[in-house]
Amino acid sequence: MNANVVLCDKNFNSICMLNNYKSLIWNTRFCDIGDFEIYLPVQDNDILEKAKLFAYVYVNNKYNVRIITSVKIEFNSNDGYMMIISGHSLSYLLKNRIIWNQTNFQNTNVNDVIIDIVKNNSVVSYCSAGRELFSNYIENYYSSDDITAQYYGESLYDTIKGLCEQHMLGFDVIRMYSYTDNKDILSFELNGMINRTKGTNLLYYQPIVFDTRLNNILTFSIDFNGESFKNVELITGEGDGVSKLRKTVNNSTYTKLDRCELYVNAQDLSQNSGTQQAITQSEYEAMLEQRGLKNLESYKISKNLECTIDTNYYKYKSDYNVGDIVTVVTPFLSQNLLIKEVTENWNENGYSVELTLDPNYQNQGGNLNGWFSY
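Reading the values: rules and limits
Residues numbered from 1 in each chain as written. Predicted model: local features only at pLDDT ≥ 70, side-chain atom pairs only at ≥ 80, totals over all residues. Heavy atoms only, no water. Helix = DSSP H or I, 4+ residues; strand = E, 2+ residues; numbered from the N terminus. Rg over C-alpha atoms; globule rule 2.2 N^0.38 Å. Buried < 20%, exposed > 50% of the residue type's maximum accessible area, 1.4 Å probe, protein only. Contact = heavy atoms within 4.5 Å. Areas by Shrake-Rupley, 256 points an atom, 1.4 Å probe, with all protein chains shown as cover. Lys, Arg positive; Asp, Glu negative; His and termini not counted. Charge placed at Lys NZ, Arg CZ, Asp CG, Glu CD. Pairing = 2+ DSSP bridges. Axes fitted to C-alpha atoms, helices over the stretch in contact; angles between N-to-C directions. Expected span 1.5 Å × (residues − 1). Parallel < 35°, antiparallel > 145°, perpendicular 65-115°, else oblique. Left-handed = near helix turned anticlockwise from the far one by under 90°. Nonpolar A, V, L, I, M, F, W, Y, C, P; charged D, E, K, R; others polar. Polar contact = N/O pair within 3.5 Å; in protein donor to acceptor, adjacent residues only side chain to side chain.

### Things to note about the overall build of the protein chain
Reasoning step 1: Secondary structure assignment for the protein chain yields four helices and 24 strands.
Reasoning step 2: Rg of the C-alpha trace for the protein chain: 23 Å, near the compact-globule value of 21 Å for 374 residues, within the 12% margin.
Reasoning step 3: C-alpha atoms of the protein chain, sized along the principal axes, occupy 65 × 55 × 50 Å.
Reasoning step 4: Within the protein chain, the proportion of its 374 residues that are buried is 48%.
Reasoning step 5: When contacts within the protein chain are restricted to residue pairs at least 6 apart in sequence, those whose partners lie at least 24 apart make up 66%.
Reasoning step 6: For the protein chain, the exposed surface amounts to about 18800 Å²; the carbon and sulfur share of it is 44%.
Reasoning step 7: Treating the 31 positive side-chain charges of the protein chain as one cloud and the 44 negative ones as another, the clouds have centres 0 Å apart.

### Quick word on the sheet that holds strand 12 (residues 183-191)
Reasoning step 1: Reading across from one edge, 9-12-11 is the order of the three strands in this open sheet, with mixed pairing throughout. Both edges of this open sheet fall to strand 9 (136-139) and strand 11 (170-178), since each of them pairs with a single strand only. Neighbour-to-neighbour, the strand axes of this sheet turn through a mean angle of 30°, independent of strand direction.
Reasoning step 2: Bridge count between strand 11 and strand 12: nine bridges; the pairing is antiparallel.

### Some thoughts on helix 4 (residues 281-296)
Reasoning step 1: Compared with an ideal rise of 1.5 Å per residue, which puts 16 residues at 22 Å, helix 4 spans 23 Å between its outermost C-alpha atoms and is within 8% of the ideal.
Reasoning step 2: In this structure, the buried side of helix 4 is in contact with strand 8 (103-109), strand 10 (146-151), helix 3 (156-167), strand 16 (232-236), strand 17 (246-249) and strand 18 (261-265).

### With respect to the sheet that holds strand 16
Reasoning step 1: Across the sheet, which stays open at both edges, the three strands sit in the order 17-16-18 with mixed pairing between neighbours. Since the sheet does not close on itself, it has two edges, and those belong to strand 17 and strand 18, each with one partner. In this sheet, adjacent strand axes meet at a mean angle of 20° when their direction is disregarded.
Reasoning step 2: Sheet topology places strand 16 next to strand 18; five bridges connect them, and they run parallel. The residue of strand 18 that forms the bridge with L234 is Y263.
Reasoning step 3: Packing against the sheet, helix 4 makes contact with strand 16, strand 17 and strand 18, and its axis sits at approximately 135° to strand 16.

### Observations concerning the packing of helix 2 (residues 110-122) against helix 3
What describes two packed helices is the angle between their axes and the distance between those same axes.
Reasoning step 1: Running from N to C, helix 2 and helix 3 cross one another at 165°; their axes reach a closest spacing of 11 Å. When the axis of helix 2 is compared with that of helix 3, the two are roughly antiparallel. Remark: the crossing between helix 2 and helix 3 carries left-handed chirality. Side by side, helix 2 and helix 3 meet where V110, V113, I114, I117, V118, N121 and S122 of the first sit next to L156, T159, I160, L163, C164 and H167 of the second.
Reasoning step 2: Of the residues belonging to the contact of helix 2 with helix 3, the class tally is nine nonpolar, four polar and no charged.

### A closer look at helix 3
An α-helical turn contains 3.6 residues, so any two residues separated by three or four positions project in the same direction.
Reasoning step 1: Over its 12 residues, helix 3 runs 17 Å from end to end, which matches the ideal 16 Å to within 8%, given 1.5 Å per residue.
Reasoning step 2: Taking burial as the measure, the 12 residues of helix 3 include 10 buried ones, the bulk of the element.
Reasoning step 3: Listed in full, the buried residues belonging to helix 3 are L156, Y157, T159, I160, K161, G162, L163, C164, Q166 and H167.
Reasoning step 4: Looking at the buried side of helix 3, the elements it contacts are helix 2, strand 10, strand 11, strand 12 and helix 4.
Reasoning step 5: Looking at where helix 3 begins, the residue whose side-chain oxygen comes 3.2 Å from the main-chain nitrogen of Y157 is S155.
Reasoning step 6: One or two residues past the end of helix 3 sits M168, with phi positive at roughly 55°.

So, in structure tokens, the structure goes:
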């Protein structure tokens with residue numbers, strides 16, 4: 001299975017094919033930006049002029065597109081001059097916007113929070129002129145979680161990533177055809193998980209089971225990492241010295257050797273707007289707690305299973321996708337896991353697909369009970 005790689009300019013006009021690659025890596029993530037890397041020989045100097053930063057490439061389908069953020073030239077005696085073109089999925093564009101105005105949310109659905117800050121900072125007809133990135137937004141899932149939070153000056157990407165990780169949502173920026181505009185546009189997309197586990201009987205989704213006994217798992221590894229684990233937070237807000245407002249997360253839940261503490265400075269959260277008090281004390285404390293909960297996402301125990309799967313058994317994007325919950329069976333575990341990352345590889349050995357799976361969609365804490373069961 002070979003991939004057709006097309007280089008495009010900033011207006012998505014095709015420039016040339018890059019099918020002389022030695023290797024191609026195409027990575028997609030559920031709650032984060034995807035990556036790609038193309039390793040190819042430099043056969044003429046024209047490619048040095050054509051492959052420019054912030055241009056685009058796509059693989060097989062013009063809607064499967066990525067943005068170039070790095071171009072390198074290397075030389076070795078075996079391969080000669082080689083070019084490495086790399087970059088990210090289009091959700092990388094979220095890094096180019098900050099939350100421009102102070103925005104407060106009180107007991108607001110997390111979907112509404114995400115869509116609101118995306119619209120007001122990047123979507124045509126919602127944000128101020130000149131700040132537009134996307135022509136549209138799509139909500140494919142609606143969470144039941146409510147939050148109280150304040151944002152002002154943060155990276156739009158960091159904020160969305162943190163909320164999606166905390167509430168197990170996926171996000172992406174896609175190139176799509178708009179029948180209304182009669183042209184291709186960029187759209188922000190908010191996604192939920194899809195249950196494809198063993199025993200499900202849904203009309204549109206067949207169960208997906210990766211099982212060593214079915215020989216559709218070629219390699220796998222299991223990794224537990226708790227080096228950065230924290231579970232108790234002290235969060236401080238406005239004020240000076242001992243008068244600072246203090247809030248804690250899990251303060252009475254964990255004790256002694258089970259307690260791993262972390263300090264969070266949230267003085268940037270403001271209780272006032274101008275000369276008028278805009279936020280009540282309880283709402284402000286809820287904002288501090290939300291900041292703490294978001295921060296803990298970076299310090300949880302990492303539990304991942306990585307596996308290479310037989311591409312002839314299930315087809316990526318046809319049978320399963322990132323954001324799907326599937327059943328995985330090995331001699332060490334039998335559990336439903338979230339596909340949080342898919343990496344496609346094309347090289348001289350052919351085509352392969354690697355999955356990174358995560359059990360944390362059900363349990364956000366550090367409890368490992370039940371992970372090893374057969």
